[in-house]
Amino acid sequence: MPEIRQLSKETIDRIAAGECIERPAAVVKELVENAIDAGAHAVTVEIREGGSAMLRVTDDGCGIAPDEVRCAFLPHATSKLTQAEDLSHILTLGFRGEALSSIAAVSKTEMITKRAEDAAATRYTVWGGAEQSLEEVGAPDGTTVIVRDLFYNTPARLKFLRTSMTEAAHIGSLMEMMALSHPEIAFQFLSGGQAKLMTNGSGSLRDVIYAVYGRSVTSELLPAEGEEGAVRISGFIAKPSVMRSNRQFENYFINGRYVKNAVISRAVEEGYSGRLMQRSYPFTCLVISIDPEEIDVNVHPAKMEVRFSDEQAVYRAVRAAVRRTLDQSVMIVPAEMDERPRRVTTAQERKEAYREAAEPFEKQYKSSLVKEEGSYGITPSGTPSLPARAEIREAEQLTFLSPEEKDRRRIIGQAFGTYWLCEYRGELLVIDQHAAHEKVLYERFMKQYAASEIISQPLRPAVIFTASSREEEVLAACGEAFTAFGFMIEPFGERTYKISAVPYNFGNIPAERLLREILDRAEFDLSKKELPAYVHAIATEACKAAVKGGDVLDPSEAETLIGELMTLDDPWHCPHGRPTVIRFTKQEFEKKFKRIV
Ligand code: ADP
Ligand code: MG
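Model, not experiment: these values are computed from the prediction.

**Observations regarding the packing of helix H15 (residues 433–450) against helix H19 (residues 555–566)**
Here comes step 1: Contact geometry for H15 and H19: axes closest at 9 Å, N-to-C directions at 55°. By the criterion of interaxial angle, the relationship of H15 to H19 is oblique. Of the two possible hands of crossing, H15 and H19 adopt the one that is left-handed. On H19, the residues touching Gln433, Ala436, His437, Lys439, Val440 and Arg444 of H15 are Leu561, Glu564 and Leu565.
Here comes step 2: Tallied by class, residues from the contact of H15 with H19 come to four nonpolar, two polar and three charged.

**Let's talk about H15**
Here comes step 1: For H15, which comprises 18 residues, the first-to-last C-alpha distance of 26 Å matches the rise-based estimate of 26 Å (1.5 Å per residue) to within 8%.
Here comes step 2: All of the buried residues in H15 are Gln433, Ala435, Ala436, Glu438, Lys439, Val440, Leu441, Tyr442, Arg444, Phe445 and Gln448.
Here comes step 3: Capping of H15 at its N-terminal end is provided by Asp432; its side-chain oxygen lies 2.9 Å from the backbone amide nitrogen of His434.

**With respect to the site of ligand 1**
Here comes step 1: Lining the immediate surroundings of ligand 1 are 18 residues, of which Asn34, Thr78, Ser79, Lys80 and Gly97 lie closest.
Here comes step 2: Within the side chain of Ser79, one N or O atom sits 2.5 Å away from an oxygen atom of ligand 1.
Here comes step 3: Within the side chain of Thr143, an N or O atom sits 3.4 Å from a nitrogen atom of ligand 1.
Here comes step 4: When grouped by side-chain class, the residues that make up the shell around ligand 1 number seven nonpolar, seven polar and four charged.

**Digging into the packing of helix H6 (residues 164–181) against helix H7 (residues 205–213)**
Between two packed helices, the angle of one axis relative to the other and the distance separating the axes together describe the packing.
Here comes step 1: The N-to-C vectors of H6 and H7 enclose an angle of 165°; their axes lie 9 Å apart at closest approach. Taken together, H6 and H7 sit at an angle that is classed as roughly antiparallel. With respect to the hand of their crossing, H6 and H7 are arranged in left-handed fashion. For the pair H6 and H7, contact is made by Glu176, Met177, Ala179 and Leu180 and by Leu205, Val208, Ile209, Val212 and Tyr213, respectively.
Here comes step 2: Classifying every residue of the contact of H6 with H7 gives eight nonpolar, no polar and one charged.

**Re the pattern of salt bridges**
Side-chain pairing between opposite charges can occur once the charged atoms of the two side chains come close.
Here comes step 1: Tallied over the full model, the rule gives 25 salt bridges.
Here comes step 2: For the salt bridge of Glu33 with Lys29, the shortest nitrogen-to-oxygen distance reads 2.9 Å. Taken together, the residues Glu33 and Lys29, both in helix H2 (residues 24–37) and four residues apart, mark about one turn of the helix.
Here comes step 3: On the accessibility criterion, Lys29 (10% relative accessible area) is buried.
Here comes step 4: The partner of Arg148 in a salt bridge is Glu110, and the shortest N-O contact between them spans 3.3 Å. Taken together, the positions of Arg148 in strand S6 (residues 142–148) and Glu110 in strand S3 (residues 108–114) put the pair 38 residues apart, joining distant regions of the chain.
Here comes step 5: Here Glu110 falls in the buried class, since its relative accessible area comes to 10%.
Here comes step 6: Taken together, the salt bridges that share partners define one network made up of Glu110, Arg123, Glu135 and Arg148.

**Here's the deal with the nonpolar core**
Here comes step 1: Val32, Leu180, Ile209 and Phe283 are the most contacted members of the largest nonpolar core, which has 60 residues in total.
Here comes step 2: The leading source of residues in this core is H6, at eight residues.
Here comes step 3: Shared between two domains, this core takes at least three residues from each, and those domains are domain 1 (9–202) and domain 2 (214–327).
Here comes step 4: Setting aside its immediate chain neighbours within four residues, Val32 contacts Val43, Val45, Val57, Met175, Met178 and Phe187.
Here comes step 5: Counting 35 residues, the second largest nonpolar core, distinct from the first, contains Ala481, Ala511, Ala537 and Ile538.

**Quick look at helix H17 (residues 511–521)**
Turn by turn, an α-helix covers 3.6 residues, leaving residues three or four places apart pointing in a common direction.
Here comes step 1: H17 sits mainly inside the fold: 10 of its 11 residues count as buried.
Here comes step 2: All of the buried residues along H17 are Ala511, Arg513, Leu514, Leu515, Arg516, Glu517, Ile518, Leu519, Asp520 and Arg521.

**Here we look at unusual backbone geometry**
For residues other than glycine, phi is negative in most cases, and the peptide bonds are mostly trans.
Here comes step 1: In the Ramachandran plot, Phe416 falls in the positive-phi region, its phi being about 55° despite a non-glycine side chain.
Here comes step 2: Here Phe416 lies in the loop between strand S17 (409–415) and strand S18 (419–424).
Here comes step 3: The class for Phe416 is exposed, based on a relative accessible area of 75%.

**Description of the sheet that holds strand S22 (residues 496–503)**
Here comes step 1: In spatial order, the strands read S20-S22-S21; together these three strands make up an open sheet with antiparallel pairing. Looking at which strands have only one partner, the edges of the open sheet turn out to be strand S20 (456–466) and strand S21 (488–491). The mean angle between the axes of side-by-side strands here comes to 15°, regardless of whether they run parallel or antiparallel.
Here comes step 2: As judged from the four bridges shared by S21 and S22, these two strands associate in the antiparallel manner. Residue Met488 lies in a different strand from S22, and its bridge partner there is Ala501.

**Thoughts on the packing of aromatic side chains**
When we look at a pair of aromatic rings, we describe it by the centre distance and by the angle of the planes.
Here comes step 1: A full pass over the atoms with the stated rule returns nine aromatic pairs.
Here comes step 2: Between the aromatic rings of Phe253 and Tyr258, the centroid separation amounts to 5.9 Å while the plane-to-plane angle is 45°, which identifies the pairing as tilted.
Here comes step 3: Looking at Phe253, the relative accessible area reads 2%, which means it is buried.
Here comes step 4: Consider the rings of Phe416 and Tyr419, whose centres lie 6.4 Å apart with planes at 80°: the pair is edge-to-face.
Here comes step 5: Three or more aromatic residues link up through ring pairs in this structure, and these residues are Phe445, Phe482, Phe485 and Phe487.
Here comes step 6: Across from the ring centre of Tyr152, 4.8 Å away, lies the NZ or CZ of Lys108, which sits over that ring.
Here comes step 7: Stacked on the ring of Phe249, the Lys or Arg Arg244 has its end atom at 4.0 Å from the ring centre.

**Things to note about the confidence of the model for the chain**
Here comes step 1: Here the chain averages 80 in pLDDT, while 85% of its residues score no lower than 70.
Here comes step 2: The low-confidence segment residues 331–402, where pLDDT is below 50, has 101 contacts with residues more than four positions distant or belonging to other chains.

**Some details on the side chain of Arg257**
Here comes step 1: Among the secondary structure elements, Arg257 is positioned in strand S13 (residues 257–258).
Here comes step 2: Buried charged residue Arg257 carries no salt bridge. Nearest counter-charge: Glu33, at 4.8 Å.
Here comes step 3: Among residues more than four places away in sequence, those in contact with Arg257 are Ile90, Thr92, Leu93, Phe95, Tyr252, Val297 and Lys303.

**Quick word on the side chain of Glu30**
Here comes step 1: Inspection of the secondary structure puts Glu30 in helix H2.
Here comes step 2: Those residues in contact with Glu30 that lie beyond four places of it in its chain are Cys20, Ile21, Ala99, Ile103, Pro301 and Lys303.

**Examining the sheet that holds strand S23 (residues 581–585)**
Here comes step 1: Spatially, S17-S18-S19-S23 is the arrangement adopted by the four strands of the open sheet, whose pairing is antiparallel. Every interior strand has two partners, whereas the edge strands, S17 and S23, have only one. In this sheet, neighbouring strand axes are inclined to one another by 20° on average, regardless of whether the strands run parallel or antiparallel.
Here comes step 2: As paired elements, S18 and strand S19 (residues 427–432) share six bridges and run antiparallel to each other. Each residue of the ladder has a partner; that of Cys422, found in S19, is Leu429.
Here comes step 3: On top of the sheet, H15 reaches S17, S18 and S19; it is set at about 80° to S19, its chief contact.
Here comes step 4: Contacting S17, S18, S19 and S23, H19 crosses the sheet at an angle of about 120° to S17.

Procedures and definitions
- Residue positions are given per chain, counted from 1 along the sequence in the order it is written.
- As a convention, the first chain written is A and the first ligand written is 1, with the rest following in written order.
- Only residues with pLDDT of at least 70 are given local features in this predicted model, and only at 80 or more are side-chain atom pairs given and counted; all residues enter the totals for whole chains, interfaces and linings.
- With hydrogens and water excluded, all non-hydrogen atoms of the structure serve as input to the side-chain values.
- Lines fitted to C-alpha atoms define the axes, with helix axes restricted to the stretch in contact, and inter-axis angles between N-to-C directions lie between 0 and 180 degrees.
- In this description a helix means any DSSP run of H or I spanning at least four residues, a strand means any run of E spanning at least two, and both kinds are numbered starting from the N terminus.
- The scheme is simple: roughly parallel for angles under 35 degrees, roughly antiparallel for over 145, roughly perpendicular for 65 to 115, oblique for anything else.
- Take the far helix as the reference: if the near one is turned anticlockwise from it by less than a right angle, the crossing is left-handed, and if turned clockwise, right-handed.
- A contact between two residues is defined here by any heavy atoms of the two lying within 4.5 Å.
- Residue polarity is assigned by list, with Asp, Glu, Lys and Arg as charged and Ala, Val, Leu, Ile, Met, Phe, Trp, Tyr, Cys and Pro as nonpolar; anything else, Gly included, falls into the polar class.
- Helix span, expected: 1.5 Å multiplied by one less than the number of residues in the helix.
- Each residue gets one of three labels from its accessible area relative to the maximum for its type: buried under 20%, exposed over 50%, partly exposed in between, using a 1.4 Å probe on protein chains only.
- Two N or O atoms form a polar contact when they lie within 3.5 Å of each other; inside protein one atom must be a possible hydrogen donor and the other a possible acceptor, and for residues adjacent in sequence the pair counts only when both atoms belong to side chains.
- Here a residue is considered near a molecule or strand provided that any single heavy atom belonging to it is located within 4 Å of it.
- Salt bridges, as used here, are contacts in which a Lys or Arg side-chain nitrogen is within 4 Å of a carboxyl oxygen on Asp or Glu.
- Joining through side-chain atoms within 4.5 Å is the link that ties buried Ala, Val, Leu, Ile, Met, Phe, Trp, Tyr and Cys residues into a set, and such a set is a nonpolar core.
- Residue ranges labeled as domains rest on an automatic or database domain assignment.
- Strands were regarded as paired on the criterion that DSSP finds at least two bridges between them.
- Centre distance within 6.5 Å is the pairing criterion for rings of Phe, Tyr and Trp, where only the six-membered ring of Trp is used; planes under 30 degrees apart are then read as stacked, over 60 as edge-to-face, and the remainder as tilted.
- Charges are assigned to positions over rings by a cutoff of 6 Å between ring centre and Lys NZ or Arg CZ, combined with an angular limit of 35 degrees from the ring normal.
- Confidence of the predictor in every single residue is expressed as pLDDT, which spans 0 to 100.
- Under the convention used here, Asp and Glu are negative, Lys and Arg are positive, and both His and the chain ends fall outside the count.

Here you go:
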């Protein structure tokens, strides 16, 4: 064993930096929190190459006194705590005194800072924890921190950085949360010279929600209000019609801090219970204030977690506020509950629609579409001649629908509104209508995809879609897959996209819903650029979304569906791998009834 020695200051700093600074977004978080703690009214964040080449945070806050600048960069140096007891009533975002020293240890950091009462600003540079210069310069009141070449001296950490686009998206999401948690501050976020987010600092949370999530969410907001003991709640929740497929849109802020907390998530979802479809999650922006004595923020180096001294009280307060808000909204405008997209069609109309959709696609729009709309990125290149394919398709259907075959299948009826019972070749089949429908759509689509014959359907008028940072990231990385799938999506400036065509056959749900469901749910491994894998992920989720509505089928529609299902190579599993059909043999029945042993 080598001898035991105390580590050098540089090594200690670098190890400490590892704790809270794991990626560019963590640096931005710490610097923006410092700006907020400094009482800034305006904060501008600018990044280049996802923040790893350069990131800059500028504020108009209180600044640092010239003789204290050096001290601010020492480990565990803070102006926000003086004794351990202060930890029990923290109202600032920072308090650990670690950020500046950690950031400066793993980058080339420069700070320019000036208080209103000082004549000149101070410029201080530290590279890899070593001071480079300290000088007087001219600058406006406030503080600018510039971080260059992040992790240049910690190659291990550098290796773990994802693409610039991914890192930029993380920072984008973070900035959205910062803006939402502080509507009184005007935030501006630029990435690679492009403005990505801008808020006006008016103090209106609704304005910030509009800037981040766009019109469609903002128009569905309900103000939430509540107070219980040490817990006060305000902010907004969205009507259940704005449902999402994951928890990413359950936002809540505690004492101005964006956090994740399982107790609050559960309370929010419990508050919505009975109003959302299964596996759907709400949109919220709840502002929670709690007596700082009742909350421990010193749980996690990145300060993303909190602990409550009375968890139950917080749970009850949040759940009650959500419930009351939803109840009241129903009482005041009862009609609003009916706003959920609903398709009202007669059984006959549905039957026709279904038949039409089930028809061989060659007979339909394809050629006219391609001609009319021009560039769909979907041209039938190098595929077998059309008549040949149509024949194959018809032949398949004929086998299945031949009188002989049809006689061997008898639909008995439906149980629980979901499962079709069907006698088929000496077996009783129990078919999950949704899974079967999903499977049929998926296979139909994959066949078209394999033959480069995707059919897309123009939308008139086009739909405008506002994307979050993560959604933008996915759209940027998987755009080709969306095109291959039949979407036509173009950037439309300022985080919005124009959807001018959607895949044919998925048209019963609104284009925006379909796209959101896919973006929220699909698992894309963006580090691998694999078109087929992306397409599979898109198709799987799209089929699921298309079927989720829970349409009622009459027996002849079920007949058509089951018919198509049975022509597939594997009719037994849905694209997610779950069974579509459970089979019981006649023998199993005879055994159960003790007719045979
Ligand atoms: P903490 O925020 O936990 O106190 P930091 O290392 O982030 O620790 O910052 C150290 C100190 O530097 C802060 O306590 C604060 O006094 C000062 N400081 C940092 N950033 C700013 C800023 N943007 N404006 C004014 N003072 C700042
Ligand atoms: Mg700090």
